[in-house]
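Observations on the model geometry
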Amino acid sequence: MNSKLSILIFLLTFVVAACQNKTANWTHFRGSNMDGHAEVEKAPLHWSEADNVVWKVAVKGQGWSSPVVFGNQIWLTSAEEDGTQFYVCCYNLDSGELLLEKTLFTAEEPQRIHSTNSYATPTPCIEQGKVYVHYGTFGTACIDTKSFDVLWKREDLKCDHMQGPASSPILYKNMLIVHLEGTKDPYVVALDRNTGETIWKSVRPKEIYDPLEPVYRKSYQTPIVINVNGKELLISNSAYMCFAHDVNTGEVIWTITYGFDSTVSQPLYWNGLVFVNSGWIFEDNKPYFTRQYAIDPTGTGDVTETHVKWMYEDEVPQIPTPVIVDGKMYMAHDRGMVTCLETMTGNPVWKEELKGNFNASPIYAAGNIYFMSVKGECTIIKPGDTFQKVAENDLDEIVKATPAFVGDKMIIRSDKNLYLIK
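Structural notes, computed from the coordinates. (Residues numbered from 1 in each chain as written. Predicted model: local features only at pLDDT ≥ 70, side-chain atom pairs only at ≥ 80, totals over all residues. Heavy atoms only, no water.)

1. A look at the pairing of strand β17 (residues 241-246)
Counting buried positions over the 6 residues of β17 gives 5, a clear majority of the element. In terms of strand pairing, strand β16 (residues 231-237) meets β17 through 5 bridges, oriented antiparallel. Counterpart to S236 in the pairing with β17 is F243. Between the antiparallel neighbours β16 and β17 lie 3 residues, among them Y240 with a positive phi of about 75°. In this structure, β17 lies alongside strand β18 (residues 252-257), joined through 5 bridges in antiparallel fashion. Within β18, the residue paired with F243 across the bridge is T255. With antiparallel pairing between neighbouring strands as the criterion, β17 and β18 make up a hairpin whose turn holds 5 residues, including G250 at a positive phi of roughly 90°. (Buried < 20%, exposed > 50% of the residue type's maximum accessible area, 1.4 Å probe, protein only. Helix = DSSP H or I, 4+ residues; strand = E, 2+ residues; numbered from the N terminus. Pairing = 2+ DSSP bridges.)

2. Overview of the environment of S168
Structurally, S168 is set in the loop between β10 (150-154) and β11 (170-172). As a C-alpha pair, S168 and Q266 span 98 residues in sequence and 9.8 Å in three-dimensional space.

3. Regarding the environment of K416
Its place among the elements puts K416 in the loop between β33 (409-413) and β34 (417-421). In this structure the C-alpha to C-alpha distance between K416 and N92, which are 324 residues apart in sequence, comes to 18 Å. Contact partners of K416, with chain neighbours within four places excluded, come to V57, A58, V59 and E397. One polar contact links K416 to D415, side chain to side chain, over a distance of 3.3 Å. (Contact = heavy atoms within 4.5 Å. Polar contact = N/O pair within 3.5 Å; in protein donor to acceptor, adjacent residues only side chain to side chain.)

4. Re the state of the cysteines
Considering all chains together, one arrives at 0 disulfides under this definition. Residue C159 stays outside any disulfide, its sulfur separated by 18 Å from that of C125, the closest cysteine. In this model C378 remains outside any disulfide bridge; the closest cysteine sulfur is found in C340, 18 Å from its own. (Disulfide = S-S within 2.5 Å.)

Take a look at the structure:
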């Protein structure tokens, strides 16, 4: 009995530690599961510059990348506004102490970027002992989170972004997967996360992309990996088309064509459907707009006519990624309109206009959804069949990064500072 009891206590301790570990880390863009869900039981509801700020520290340079967290470390990327230097920064979670500020890459004649972008927009990803940072064509690196040594670098993954880098890297199995989709030969590449060596590279089909004007080949999205009937698929909503790759080989399994460019919003996966964003759509005599597609991911080949379950195009965001909660999709349009859709049908449930414009993606945390505007105004709502506002908060700084949640705290990166809110 004593032996069995000891084993039971050990197992319970292991489970509790694992659960605590999941709530203590924020490993990718939009969270450890990349679904916009914070696995926390409590989250801040009220704050300002004067209230409930545990600490506030200045961040060197400029960057719109979101913070990632592992253990007691927060990691960020940043860059000079002119794109000549690219930084990585590490902070102590409890105190805000700057633990590392290092220049990783330099550029004598950097590419131009869009006026609303930065040279450090891709969000890092992190795991036990290693953090991976990506600045698009300007460089990719892996850093030891204990010694701060650079374990490997790649500066040969080139891309003419046209408007600057924005796609965030993701970790899957032994791979670091990055998208470099610019105006010529756009591609996705899987790197060995331990060495940085290329495992596979998939270039978009030249017979389709070469006839397009260069401006219509560019993409800035961050992919996800899903499992469909035992197949591990990388969902990549690129310019012009969405691709589902075999994530282990890079082979293209299926595609859908929407015909337009500048995809930014990350794909979603829920209840057997994939949800992808088309990027900007330009039609004669009509203001540019964006479409959201729901796709059955079980097909092969070109599934545009057979596996699209619904399409919605009214006030769909181009930059912010929606979040799905209890069968409903909540999306904040770049210009402020929030729409709630029935996820399986695409039917609208309600609409409500919020203050300001939005780049950051909404996050579901502790029973509420957080919408952070570019001006630093955060509207918190309760998900449901009607619009239910819980609180409003304001930092009065520019915020384009998506916030992170760990434990009972919230981490916000503005244009100048990093905040820990409780």
